[in-house]
Amino acid sequence: MTPRVEVESLAAPFGKSAGLSDISFSVGAGELLVLLGPSGAGKTTLLKTVAGFVTATSGHVRIAERDVTGLPPEKRDAVYLHQSPVLFPHLSVTENVAFPLRVRRVDDNRRRERVAELLAAMQIPELAGRMPRTLSGGQRNRVSLARALAADPMVLLLDEPFSGLDPGLREDVREAIRIVQRTSAPATVVVTHDLDDAAVLADRIGVMINGRLCQIGNPREVLTRPSSQEIATLVGFTNTFAARADGEGNVETAIGKVRVSGGEATGPGTVMFRTDGGRLTRDGEFRGRVIAITTRPGSVTVTLHTAVGDLELAAEYLRLPSPGDEVEFTLHPEHLIFFPAS
Amino acid sequence: MRTSAVPSRSLLLLALLAWTLLPISVLVFSSFGDSWFYPHLLPTNWTTAAWREFVSDRRLLRALLTSLWLALLTGGAASIVGFEIGRRVSRIPVPLRYFAMAAAFVPVAAPPLALGIGLQYFVLRAGLGGTLIGVWLAHSVVAIGYTTVYFIGAFAVFDHRVEEEARSLGASPLVTLARVTLPLHQRQLAEALLLGFLVSWAQVPLTLLIGQGAVESLATSVMSYVHAGQDHLASVAGLLLALPGLVLMGVVGSSIGRFTVATV
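About the criteria used
- Residues numbered from 1 in each chain as written.
- Chains lettered and ligands numbered in written order.
- Predicted model: local features only at pLDDT ≥ 70, side-chain atom pairs only at ≥ 80, totals over all residues.
- Heavy atoms only, no water.
- Core = buried A, V, L, I, M, F, W, Y, C linked by side-chain atoms within 4.5 Å.
- Buried < 20%, exposed > 50% of the residue type's maximum accessible area, 1.4 Å probe, protein only.
- Contact = heavy atoms within 4.5 Å.
- Buried area = accessible area lost by both parts, 1.4 Å probe.
- Salt bridge = Lys/Arg side-chain N within 4 Å of Asp/Glu carboxyl O.
- Pairing = 2+ DSSP bridges.
- Helix = DSSP H or I, 4+ residues; strand = E, 2+ residues; numbered from the N terminus.
- Axes fitted to C-alpha atoms, helices over the stretch in contact; angles between N-to-C directions.
- Parallel < 35°, antiparallel > 145°, perpendicular 65-115°, else oblique.
- Left-handed = near helix turned anticlockwise from the far one by under 90°.

Colleague: What is the right way to look at the nonpolar core in this model?
Modeller: Generally speaking, nonpolar side chains in soluble globular proteins are found buried as a group. Val97(A), Phe99(A), Met122(A), Leu145(A) and Ile205(A) are the most contacted members of the largest nonpolar core, which has 67 residues in total. Setting aside residues up to four positions removed in sequence, Ile205(A) forms contacts with Leu33(A), Val34(A), Leu36(A), Ala198(A), Gln215(A), Ile216(A), Gly217(A), Pro219(A), Val222(A) and Leu223(A).

Spelled out as structure tokens, the structure:
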């Protein structure tokens, strides 16, 4: 597949930090790349550099095989949408959506038709005559996406579109993004902090830390096989303990010998796993004392005090122990990753 | 508490009205009154003689027209230049922005007389002393100071993301300015125009210094009539001097755009 957007060895400044450094990736037509990373990792700067609002200090941005690195934003064929939808407050919904068409001097009839098509595609035809100040958050998001589609961009750059949204609205925006992908299949890059959004939407996930794109791959790969401890922490590997690998897939720990993935290495290091990397069971290999039970919508975790430190394990609602109970548990080797000490 | 608050509010309102309207009403009575002596509260005879004299006095009419031109041109220049400087200054990073703001504030803070003495040097060297253009430039320096300070404030709370969004959607900087930034600042532009107009309209020291007596505005005419003891004509000219500001304020207040700062 020919990439719609191709970023090659890109570097750009941001704030007082070192800035983006040696970023390379590509996204194809209709593909959706989610960028994950802690605050200050440079995700927004990367989007703005691709969009043309931040000047790259080195490297290239190519859109549809055209080098756009030195071009202004309006000549890039990439639409950048801010974290919260920014509509033109003096224009109605119809006029907002028509804006990119008017800029391109599309004739009146075609413009009207296209606006109607887009409002229908985004399932908001009833909003046509409304002013932005009268719209709800979800409606604004849809108008903003309809307007972006009116520009018929090669690349769509969405900066934290789910930030600060309640769960209902979040699903609404996810659905709107799916409509966009179905409607005009732009290469889409979405910045988010949320693992659920990333897992649900992404064709691929890229993880940014300190201005670098540290890992990129399909969601299963990135979410289950993080390539570093920092990424593992970021994608939900909350349990961590010290260990020493024997080079045969086993590690020695304070609770005994444990089989792990990536255990080909030898020497000291760290084992990390998610809450679903172990299970409370009556005939488990390891023992611990329950010190806390945390209930969240759809999940419950039990915190155990063990010889390797405190560990959090997912549990079932119907078989919950009580704080203070001594319990046994097992660890699933395929969920445990060993990171050798550097 | 409520019952005592109402009369005190009414008293306050009355005092405010008296404070603002009394000087204007004195001008009205004086311009239409024939004889107005103590202890009478109002003139004993009424006449339109002063107004007829004003209409027949070509010098005064010329001064009125000069003032109108000067004020309109100053207002126009001040709103456009102030808008552009304010827009650009708001994008300058701190602390450089503070220097720019301080520089914009100088013509506002400096007394017009002091400013006029400084400006006179440049205007005379440019051969514009005693000309309408020279006076207009001098008025504009002060007015642009005011409007720049005003627009720096306006752009400090302006959401520049709307401009980025427009650019990203394919609009050039010029189209973004015409279709987004300017429409969103309709009200501020009108207010700046009014501000610039009023700065020029009532300007005496700069007109006298730079105009060197060759440029006579309504405001300088009022001064001449007062000095000459022609109280009735001074009242007519003073009343005319007060009117445009009041009218323009009413127009701007009631009819200019619904939008102030772009944030959705």
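Read on, since the account is not over.
Colleague: Sorry if this is basic, but what is going on with the interface of chain A and chain B here?
Modeller: Reports of interface size often rely on the accessible area that becomes lost once the parts have come together. Counting residues at the interface gives 29 residues for chain A, matched by 22 residues for chain B. Roughly 2300 Å² is buried in total at the junction of chain A and chain B, and carbon and sulfur atoms are behind 64% of that figure. For the pair chain A and chain B, the number of links is 3 salt bridges. One salt bridge connects Arg147(A) with Glu165(B), and the closest N-O pair in it is separated by 3.2 Å.

Colleague: Looking at this model, I keep getting lost on the pairing of strand S18 (residues 309-315) of chain A. Mind explaining?
Modeller: All names here are of chain A. With 7 bridges joining them, strand S17 (residues 299-306) and S18 adopt antiparallel strand pairing. Across the sheet, residue Thr301 finds its bridge partner in S18, namely Ala314. The antiparallel hairpin formed by S17 and S18 contains 2 residues in its connecting segment.

Colleague: Quick question: what am I supposed to make of the environment of Gln181(A) here?
Modeller: Residues and elements named next belong to chain A. Tracing the backbone through its elements, the reader meets Gln181 in helix H5 (residues 167-184). In this structure, the C-alpha to C-alpha distance between Gln181 and Leu156, residues 25 residues apart in sequence, is 9.8 Å. Not counting residues up to four positions away in its chain, the partners in contact with Gln181 are Gly30, Glu31, Leu32, Pro186 and Thr188.

Colleague: Please clarify how helix H2 (residues 93-103) of chain A should be interpreted in this entry.
Modeller: Along an α-helix, residues three or four apart share an orientation, since each turn contains 3.6 residues. Burial of H2(A) is extensive: 8 of the 11 residues sit out of reach of the surface. Along H2(A), the residues classified as buried are Val93(A), Asn96(A), Val97(A), Ala98(A), Phe99(A), Pro100(A), Leu101(A) and Val103(A). Those residues of H2(A) hidden inside the fold are in contact with helix H3 (108-121) and helix H4 (137-150) of chain A together with helix H7 (161-168) and helix H8 (173-184) of chain B. Looking one or two places after H2(A), you find Arg105(A), whose phi comes out positive at around 55°.

Colleague: I would appreciate a short explanation of the packing of helix H3 (residues 58-89) of chain B against helix H9 (residues 186-201) of chain B in the present structure.
Modeller: When two helices pack together, you describe them by how their axes are tilted relative to each other and by the distance separating the axes. Residue and element names in this part refer to chain B. The geometry of H3 relative to H9 is characterised by a closest axis approach of 7 Å and an angle of 135° between their N-to-C directions. The orientation of H3 with respect to H9, classified from their angle, is oblique. Remark: the crossing between H3 and H9 carries right-handed chirality. Of H9, the residues touching H3 (which contributes Leu64, Ser67, Leu68, Leu70, Ala71, Leu72, Thr74, Gly75, Gly76, Ala78, Ser79 and Phe83) are Leu189, Ala192, Leu193, Gly196, Phe197, Ser200 and Trp201.

Colleague: Please clarify how the environment of Glu312(A) should be interpreted in this entry.
Modeller: All names here are of chain A. Within the secondary structure, Glu312 sits in strand S18. Given a relative accessible area of 23%, Glu312 falls into the partly exposed group. Distance from Glu312 to Asp67, taken between C-alpha atoms, is 49 Å for residues 245 residues apart in sequence. Beyond its immediate stretch of four places on either side in the chain, Glu312 contacts Thr238, Asn239, Thr275, Val302 and Thr303.

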